[in-house]
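# Structure assessment
Spelled out from the first residue to the last, the chains are:
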Amino acid sequence: MSSLPLHYGITRNLLLICILFFQRTNSFCPSKCQCNVDHNLRVSCINAGLEVVPIQLNPDIKYINLTLNQILNVHFTLQFYTQLEELDLSKNKIDDLGSRNFDAQQQLKTVNLSRNSITHLKKDAFRGLKSLLLLDLSYNQITTIHLTALHDLVGLIELNVAGNSIISMDDGIFRNMISLEILNFENNQLLDVPTENLMYTKKLRSLDLSGNFIEFVRNDSFESLKHLSVLKITGNVVNELDQRAFDGLLELRTLNLADNNLTVVPTLQLSKLSNLSHLSMSGNCFTHLPPVALLNLFHLKELHLNRLDKLVKIDSRAFVDNTFLQTITLDDNPSFGDLPARLFHGNPNLVEISMRGNDLRTLDAAQFPLDRLQRLYLSDNPLECNCSLLWLWRLTTGQHDEENTNTTNILVLDKDKIGCDIWEERKIRRILKTMSESEIKCPAHIVTIISAVMSILLVVMTGVSVLCYLRMVRKKKQALAERKNVNKRVIPQPIDKLELERYLAAQEMEHEYRALRPWEIPVNKLIEEPDHYEKFDDFRYDTRRSHKQPHVVYV
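Just so we're clear, the structure is a prediction, and the values are computed from it rather than from any experiment.

### Concerning the overall build of the chain
On a plain count of helices and strands, the chain comes out with 8 helices and 26 strands. Considering the chain as a whole, with its 555 residues, one finds that 38% of them fall into the buried category. Expressed as a percentage of contacts within the chain between residues at least 6 apart in sequence, the contacts between residues at least 24 apart total 55%. Carbon together with sulfur atoms contributes 54% to the accessible area of the chain, which is approximately 31,800 Å² in total.

Encoded structure:
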């Protein structure tokens, strides 16, 4: 029994030698295939009904296209073509690649295995493909990848595994993929950013993680990707970004965070991306855009904020740091109806504005930098037909150019779709460019009434202001007078001295008098005349006796 594998191997090798000899002498082209052997060694067998890879082709063939066939596997069929450079097996029924079936393909540069039924990448599945540059495994049913399945792909530049069912990967699967520049993990079932494997792909320039189930981006998830230029995390369930989620992405140019569950603009996290030029945050749950929402993004050229169902307010200073902004789209935000007057005045390079499908009812020419805009899209807004739209009517009908002959800028409008609502028993939608100027202008009597009301209000406000001013001056004068009266001393009327002396002489016959002590002096003694009691030179009293307080009457 032990000699059976050896015997099987010898038989297999002999069979291969015979087939190769036959190929060298009698290679032929299968039916429904197109073979161009003499010129550029290419074979195309598209939708030829093949169930296996043909082995009777010229062994020096360099390109084989076997797409749209019924091929189930590649076991023992590719090793005859050692000079093969491109192989397309897309849209077949391959469910298993086996192990080491590409050992002989040392020159192979491109392999397309997309849209098959592969479920697992087994051990050494791509062993021998050290020169491979592109591997497309998209839209299979791959759930697991063996640790060594991709180990020989040291020269691989692009790997596409989009549209599979990968939930997670063991650490080290990408260990030898040091040349990888493009990695597509779109539409899988990843629960987290595969940081442990990304740390080996230091040359990565483009990473697509769209359509997964990533909920949280942790600190330093992309720290090792110093050369990453494009990052797509759209269509996940991200509701939070750690403060250092994007640390290390020094060369990032494009970031797509659309269709997630972010409720607050990640201003702090984005501020680290100083070289960012394209940003999309459409389809999130923002209710408002705060001042300086995109801090430090001085090189931002293109911004997309579409499908923000809860967006109500945008601060007029939201984009003040984005001085190089050229294109901004704010489409399909059904709750946004208040456009700030100076929202775009801090963006001198802005050439395109799209605000379709919002809740805008009035628009003013001052809200847009019309002197430098090249494209302006405003359709599908519930605009009201009044004189505030006269400027827009002139643009849609072409009369704006006649009034501004010095303007060389050509403004592109979606004028066939811009409409406004007129109420005539019921709301009627009219296309703006089909209306006449008389339907757009405010009627003269309305203008007169408004002017008169404004004049009356101005007069009333002026009168009220004057009255308030006079009243304030009067109050100030009264307050100043009261302050002076408080500080002014009140001098009582002079006392009749003769009458006082008579009274005191009469009292002396009954009682003995003494000088009042300091604490017994009456409170109202403010007279500056000398003390009358001191006039009695013969006044004496015994300090040892206690006397009753005399009753003094002031006349």
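### Looking at helix α4 (residues 390-397)
Most of α4 sits inside the fold, with 6 of its 8 residues counted as buried. Of all the residues in α4, the buried ones are Leu-390, Trp-391, Leu-392, Trp-393, Leu-395 and Thr-396.

### Regarding the sheet that holds strand β23 (residues 383-384)
Strand order in this open sheet of 3 strands is β23-β25-β26, and the pairing throughout is mixed. Where the open sheet ends on each side, the last strands, each with one partner, are β23 and β26 (426-431). As defined by bridge partners, strand β25 (residues 419-424) adjoins β26 across 6 bridges and the pair is classed as antiparallel. Its bridge partner lying in β26, Ile-422 is registered against Ile-428.

### What to know about a nonpolar patch on the surface
A cluster of nonpolar side chains, contributed by Ile-450, Val-453, Met-454, Leu-457 and Met-461, occupies part of the molecular surface with about 510 Å² of accessible area. Residue classification places Leu-457 among the partly exposed positions, given a relative accessible area of 45%.

### Here's the deal with the environment of Leu-41
When you line up the elements, Leu-41 lands in the loop between β1 (34-36) and β2 (42-44). Sequence separation between Leu-41 and Leu-84 is 43 residues, and the spatial gap between their C-alpha atoms is 9.5 Å. Apart from the residues within four sequence positions on either side, Leu-41 is in contact with Asn-36, Asn-58, Asp-60, Ile-61, Lys-62 and Tyr-63.

### Re the state of the cysteines
On inspection of all chains with the given rule, the structure shows 3 disulfides. Disulfide pairing places Cys-33 opposite Cys-45 at an S-S distance of 2.0 Å. The chirality of the disulfide connecting Cys-33 with Cys-45 is right-handed, given an S-S dihedral of about 120°. Highlighted residues: Cys-33 in the loop between α1 (4-26) and β1 and Cys-45 in the loop between β2 and β3 (63-65), separated in sequence by 12 residues. With a relative accessible area of 13%, Cys-33 lands in the buried category. Owing to a relative accessible area of 0%, Cys-45 belongs among the buried residues under this scheme. Covalent S-S linkage joins Cys-385 and Cys-420, the inter-sulfur distance amounting to 1.8 Å. Between Cys-385 and Cys-420, the S-S dihedral sits near 95°, and the bridge is therefore right-handed. Of this pair, Cys-385 sits in the loop between β23 and α4 while Cys-420 sits in strand β25; the two residues are 35 residues apart in sequence, bridging distant segments of the chain. Given a relative accessible area of 0%, Cys-420 falls into the buried group.

### A closer look at the environment of Asn-92
In this structure, Asn-92 sits in the loop between β4 (86-88) and β5 (110-112). Taking the relative accessible area as the measure of exposure, Asn-92 reaches 6% and is therefore buried. For Asn-92 and Asn-116, which are 24 residues apart along the polypeptide, the C-alpha to C-alpha distance reads 5.3 Å. There is a polar contact of 3.0 Å between the side chain of Asn-92 and the backbone oxygen of Leu-66. A polar side-chain atom of Asn-92 sits 3.4 Å from the main-chain amide nitrogen of Gln-70.

### Things to note about the packing of aromatic side chains
Across all of its chains, the model carries 5 aromatic pairs by this definition. Relative to Phe-185, the ring of Phe-174 lies with its centre 6.4 Å away and its plane at 40°, an arrangement referred to as tilted. Separated by 11 residues along the polypeptide, Phe-174 in the loop between β9 (158-160) and β10 (182-184) and Phe-185 in the loop between β10 and α2 (195-198) bring together distant segments of the chain. By relative accessible area, which is 1% here, Phe-174 ends up buried. With relative accessibility at 1%, the residue Phe-185 sits in the buried group. Between Phe-344 and Phe-368 the ring centres are 6.4 Å apart and the planes differ by 20°, which places this aromatic pair in the stacked class. Highlighted residues: Phe-344 in the loop between β20 (327-329) and β21 (352-354) and Phe-368 in the loop between β21 and β22 (375-377), separated in sequence by 24 residues. Considered together, Phe-344 and Phe-368 belong to a single accessibility category, that of buried residues. These aromatic residues form a ring-pair network of at least three members: Phe-344, Phe-368 and Trp-391. For Arg-42, the ring lying beneath its charged end belongs to Tyr-63, and the centroid distance is 3.8 Å. Taking the ring centre of Tyr-139 as reference, the NZ or CZ of Arg-115 above it sits at 4.5 Å.

### Comments concerning the confidence of the model for the chain
Predicted coordinates in areas of low pLDDT are best not read in detail. Model confidence for the chain is summarised by a mean pLDDT of 84, while 80% of its residues fall at 70 or above. Note that residues 402-407 has pLDDT below 50 and, in this model, 1 contact with residues that lie over four places away or in other chains.

### Observations concerning the side chain of Asp-88
Topologically, Asp-88 is positioned in strand β4. Although buried, Asp-88 forms no salt bridge, and the nearest oppositely charged side chain, Lys-91, lies 8.8 Å from it. When sequence neighbours within four positions are dropped, the list of residues in contact with Asp-88 reads Ile-64, Asn-65, Leu-66, Thr-67 and Asn-112.

### A few points about the pattern of salt bridges
This structure, assessed with the given rule, holds 16 salt bridges. We note a salt bridge from Asp-103 to Arg-100, for which the minimum N-O separation is 3.0 Å. Judged by its relative accessible area of 29%, Asp-103 falls in the partly exposed class. Residue Arg-307 pairs with Asp-259 through a salt bridge whose shortest N-O separation is 2.6 Å. With Arg-307 in the loop between β18 (302-304) and β19 (313-314) and Asp-259 in the loop between β15 (254-256) and α3 (267-270), the pair connects residues that are 48 residues apart, well separated along the chain. On the basis of relative accessibility, which here comes to 32%, the residue Asp-259 falls in the partly exposed class.

### Considering the pairing of β25
Inspection of the sheet shows β23 paired to β25 by 2 bridges, in the parallel sense. Counterpart to Leu-383 in the pairing with β25 is Cys-420.

### Some remarks on a positive patch on the surface
The grouping of Arg-471, Arg-474, Lys-475 and Lys-477 at the surface amounts to a positive patch. Arg-474 sits in the partly exposed class, given a relative accessible area of 48%.

About the cut-offs
Residues numbered from 1 in each chain as written. Predicted model: local features only at pLDDT ≥ 70, side-chain atom pairs only at ≥ 80, totals over all residues. Heavy atoms only, no water. Helix = DSSP H or I, 4+ residues; strand = E, 2+ residues; numbered from the N terminus. Buried < 20%, exposed > 50% of the residue type's maximum accessible area, 1.4 Å probe, protein only. Contact = heavy atoms within 4.5 Å. Areas by Shrake-Rupley, 256 points an atom, 1.4 Å probe, with all protein chains shown as cover. Pairing = 2+ DSSP bridges. Patch = residues over 30% accessible without salt bridge, like charges linked within 9 Å, V, L, I, M, F, W, Y side chains within 5 Å. Salt bridge = Lys/Arg side-chain N within 4 Å of Asp/Glu carboxyl O. Disulfide = S-S within 2.5 Å. Polar contact = N/O pair within 3.5 Å; in protein donor to acceptor, adjacent residues only side chain to side chain. Phe/Tyr/Trp six-rings, centres within 6.5 Å; stacked < 30°, edge-to-face > 60°. Lys NZ or Arg CZ within 6 Å of the ring centre and 35° of its normal. pLDDT = per-residue confidence, 0-100. Lys, Arg positive; Asp, Glu negative; His and termini not counted. Charge placed at Lys NZ, Arg CZ, Asp CG, Glu CD.

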